[in-house]
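Architecture at a glance
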Protein chains: 2
Amino acid sequence: MDYFSSDFKLGILGGGQLGKMLLYETRKFDIYSKVMDSSEEAPCKIACNEFVKGSLMDFDAVYNFGKGVDVLTIEIENVNVEALEKLEDEGIKVYPPTKALRTIQNKATQKLFYIDHEIPMANFNRFAYTSEIEDSIANGGLHFPFVWKAAQFGYDGQGVKVVRKLGDLNGLPNVECIAESLIPFKNELAVIIARNASGQVVSYPVVEMEFHPEANQVEYVICPARIDKKVAEKAIEVALKVSSTIKHVGLLAVEMFQTQDDKILVNEVAPRPHNSGHYSIEASFTNQFEQHIRAILDLPLGSTESKMAGIMVNLVGAEGYTGDVVYKNMEEILRLEGVTPHIYGKRETRPFRKMGHVTIVNQDIAKAREIAQKVKETIEVVSKQ
Amino acid sequence: MDYFSSDFKLGILGGGQLGKMLLYETRKFDIYSKVMDSSEEAPCKIACNEFVKGSLMDFDAVYNFGKGVDVLTIEIENVNVEALEKLEDEGIKVYPPTKALRTIQNKATQKLFYIDHEIPMANFNRFAYTSEIEDSIANGGLHFPFVWKAAQFGYDGQGVKVVRKLGDLNGLPNVECIAESLIPFKNELAVIIARNASGQVVSYPVVEMEFHPEANQVEYVICPARIDKKVAEKAIEVALKVSSTIKHVGLLAVEMFQTQDDKILVNEVAPRPHNSGHYSIEASFTNQFEQHIRAILDLPLGSTESKMAGIMVNLVGAEGYTGDVVYKNMEEILRLEGVTPHIYGKRETRPFRKMGHVTIVNQDIAKAREIAQKVKETIEVVSKQ
């Protein structure tokens, strides 16, 4: 298959911001792209060759869309896997492969898969319904605190809740879920692995999520992680093990905990470009989006090394503001060294909504961290008065 | 004016590849973009918010298009300046300003401007018609060899010819033109200057065009130029002088000759993103397209420094091939270190047509140069058999 020929079509399920950043890379390679999303307002509409409106969970919509492309990929996990399986049977290249996607899509299945393959992770209990949790606590089978996670359809912090007392369960949807031990981690780390269809594998450096000391919210994604070399090696080793057992094609972002005694536990994975890899647009020889394209087209993978240190700051809607978005003090941050904003183009802000990100690159990671803090303290995502 | 507000519209005259690369940067800032081009097949169509079909040389088309935007810029010089002047009078921000564009658009006017402002350049004669040249030669007013240049509408090597004997004049269009001394230069250099509406000015490093030893064709654009520091300083000084006298807003690419005795002579300028700045996408802190956007929106300009050495190789159609394009050995070049292809998406190749470019970045410029040569020797732009 000649991916640079005029007959080739790449399909992307999901038309959000990740898809849009992926589409920029299809332009570099001049690849014809077709996107399906349920919203006519999808960010991808402006960057793809063809746009189809359709529900990602609908069998017929996904199947009919997939029949018209040569390679099909995703920018979000919540898609109709049955349709993907049928497409795969009929010879369409579906990446990630549906088997890998099935394992990842359901968090209970994902955790059981880790057990089967001796991949270290936090202990957990599985429940068919959230309502079963109370009994388990009463019987002594589960202890506070724990992390409740919906088995499916969680995204961007939705579907996850730290439960410290019975009352915290109130209002949670009564769905299949897991209750996971709350890990008092030293660091949250992530490694992105790329694997092409021929099996070539490369790993990006370990990144570190730095949390706000009080708000318990990720403030900075820092590459490379400021951790012991041995811990970094262990994290990459664990990520590679997940990659080789799950047999994805494309990217696999592996989020991990570094425990107080420097063990590495897998938290969760995503088989696609990931927030933890956004720094790579400015800092890496091959950014994660180009790498995903290379991998799913079975091209040689690019260097995952960094040109310099990179730090990403998420731009989220400020508390207390809902409505037409305004980026306050944007000019101030543009005056700072090595700062690149990425505004996602969402019209309306609301508290904690992801509205964009800013990357800071610098030869000196301490200097980058300083500038990142300045960015964080300066820019405000608010609404018109 | 709040450029990040939902009411703001940026207009671009010309929908080619330069415009497309500019549009990627409007996405990072979430700026609403409107493009006009005479071709329904314009590359920009896939990346802009609104596309208008219209002739760039037609007064009404340009005027009506311009009335609907807040800031108007160009990706090609050949546009109707009268319409731009009227728009400017009516309060539309036109960048480059029409006065600067008028000076640049006509090469004879441009050269006379350099004389007025004591900017060093190659000697020249101006002719109202090419047919007047023969007389001038006969009268001893002009000597072989010289460079014939059409005063207007030349682009990408068209409208330029080295004349070594009378016969070389055959077939040239009978238009306003100049005859310029042929400079036996040591190096051809270029400097990109950015100037925002408030007058902030920054300059990119000097780049060097390396020519094929026999074919007399630019093979590599190399940043930084491998020249004496004093020569580089002089080149930047000259470029800044052109910039400050011409009073552009946005980018100004200044092409220069380094003579055998290390004088700097201005060759010509372009008031927009330029082929000599493509390396900046991968190598610079702020690429030339983002910088142009920052400048015309009167935002603070970004750092022009390089993350590392960058070399650009133009991808042009191979001789002897015309028709549906095929990029031969693309996979081979993707295996090389720090290589990023940019395929422009033109369906058909023909000899010497610009089909894309490839950037090579490396900490070590000698290593980058080696890899660039490998790229040049490996990839072939041919047509289907």
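Naming follows an unreviewed UniProt entry, where chain A appears as N5-carboxyaminoimidazole ribonucleotide synthase of Cerina litoralis. Looking at chain A in UniProt, the text filed under Subunit (unreviewed entry) is "Homodimer."

**What to know about the overall build of chain A**
If you tally the helices and strands in chain A, you get 11 helices and 21 strands. Relative to the compact-globule value of 21 Å for 385 residues, chain A shows a C-alpha radius of gyration of 21 Å, a close match. Each of the three principal axes of chain A carries a C-alpha extent, and together these read 60 × 55 × 50 Å. With 385 residues in all, chain A has 58% of them scored as buried.

**Side note on empty space enclosed by the protein**
Under the counting rule described, the total for this entry stands at six cavities of 30 Å³ or more. Volume-wise, the largest cavity comes out at about 550 Å³. As for the largest cavity, its lining consists of 30 residues, and the residues nearest its centre are Glu-25 and Ile-281 of chain A together with Glu-25, Ile-281 and Asn-287 of chain B. Taken together, the residues that form the lining of the largest cavity break down as 10 nonpolar, 10 polar and 10 charged. Within the lining of the second largest cavity, the residues separate by chemical class into six nonpolar, no polar and two charged.

**With respect to the sheet that holds strand S4 (residues 71–74) of chain B**
Residues and elements named next belong to chain B. Pairing in this open sheet of five strands is parallel, and the strands run S3-S2-S1-S4-S5 from one edge to the other. Bordering the open sheet on either side are strand S3 (50–53) and strand S5 (93–94), each of which pairs with just one other strand. Bridging between strand S1 (residues 9–13) and S4 involves four bridges; their strand directions are parallel. Considered in S4, the bridge of Leu-10 is made with Val-71. Across the sheet, helix H2 (residues 59–67) lies against S1, strand S2 (32–37), S3 and S4, angled at about 175° from S2, the strand it touches most.

**Notes on the pattern of salt bridges**
All told, the structure shown has 56 salt bridges over all chains when counted by the stated rule. Note that Glu-90 of chain A and Lys-67 of chain A form a salt bridge whose closest N and O atoms lie 2.7 Å from each other. A residue pair is termed long-range when its members are at least 10 positions apart, and Glu-90 of chain A in the loop between helix H3 (81–89) and strand S5 (93–94) and Lys-67 of chain A in helix H2 (residues 59–67) qualify at 23 residues. Among the residues examined, Lys-67 of chain A registers a relative accessible area of 40% and is labelled partly exposed. A salt bridge links Glu-268 of chain B to Lys-107 of chain B; the nearest nitrogen and oxygen atoms lie 3.8 Å apart. With Glu-268 of chain B in strand S15 (residues 264–270) and Lys-107 of chain B in helix H5 (residues 107–116), the pair connects residues that are 161 residues apart, well separated along the chain. When sorted by exposure, Glu-268 of chain B lands in the same class as Lys-107 of chain B, which is buried. Beyond isolated ion pairs, a larger network of salt bridges with shared partners links Lys-107, Lys-111, Lys-149, Glu-180 and Glu-268 of chain A.

**Focus on the packing of aromatic side chains**
For the structure on display, the rule yields 11 aromatic pairs over all chains. With a centroid separation of 6.4 Å and an interplanar angle of 65°, the aromatic rings of Phe-113 of chain A and Tyr-114 of chain A are classed as edge-to-face. By relative accessible area, which is 14% here, Phe-113 of chain A ends up buried. Pairing Phe-144 of chain B with Phe-146 of chain B gives two aromatic rings, centres 5.9 Å apart and planes at 10°, and the pair type is stacked. Phe-144 of chain B sits in the partly exposed class, given a relative accessible area of 34%. The exposure class assigned to Phe-146 of chain B is buried, which follows from its relative accessible area of 1%. Following the ring pairs from residue to residue traces out a cluster consisting of Phe-185, Phe-211 and Phe-257 of chain A.

The rules behind the values
- For every chain, the first residue of the written sequence is number 1, and numbering continues from 1 onward in sequence order.
- Think of it this way: whatever chain is written first is A, whatever ligand is written first is 1, and the rest follow in order.
- Reporting of local features is limited, given that this is a predicted model, to residues whose pLDDT is at least 70; pairs of side-chain atoms are given and counted only at 80 or more, and all residues count toward the totals for whole chains, interfaces and linings.
- Values shown for side chains rest on all heavy atoms present in the structure; no hydrogens or waters enter the calculation.
- UniProt positions are given in the numbering used here, feature names are shortened, and annotations may be inferred rather than shown by experiment.
- Secondary structure elements are taken from DSSP: a helix is a run of H or I of four residues or more, a strand is a run of E of two residues or more, and numbering for both begins at the N terminus.
- The atom set for the radius of gyration is the C-alpha atoms, and the globule formula is 2.2 Å times the number of residues raised to the power 0.38.
- A 1.4 Å probe rolled over the protein chains alone gives each residue an accessible area, and that area as a share of the maximum for its type sets the label: buried under 20%, exposed over 50%, partly exposed in between.
- Cavity: a set of points on a 1 Å grid over the protein atoms alone where a 1.4 Å probe fits but cannot get out. Pocket: an open set with protein on both sides within 12 Å along at least five of seven lines, its lining residues, like those of a cavity, having an atom within 4 Å of a point.
- Grid points are joined across faces, edges and corners, and a volume is the space filled by probe spheres set on the points.
- Each residue gets one label: Ala, Val, Leu, Ile, Met, Phe, Trp, Tyr, Cys and Pro are nonpolar, Asp, Glu, Lys and Arg are charged, and the others, such as Gly, are polar.
- Paired strands are those between which DSSP finds at least two bridges.
- When checking whether two residues touch, look at their non-hydrogen atoms; a contact exists if any pair is within 4.5 Å.
- The convention used is that axes are lines fitted to C-alpha atoms, helices contributing only their stretch in contact, and that angles between N-to-C directions extend from 0 to 180 degrees.
- Salt bridge, as used here, is a side-chain nitrogen of Lys or Arg placed within 4 Å of a carboxyl oxygen of Asp or Glu.
- In this scheme Phe, Tyr and Trp rings, the latter by its six-membered ring, pair at centre separations within 6.5 Å, and the angle between planes marks the pair as stacked below 30 degrees, edge-to-face above 60, and tilted otherwise.

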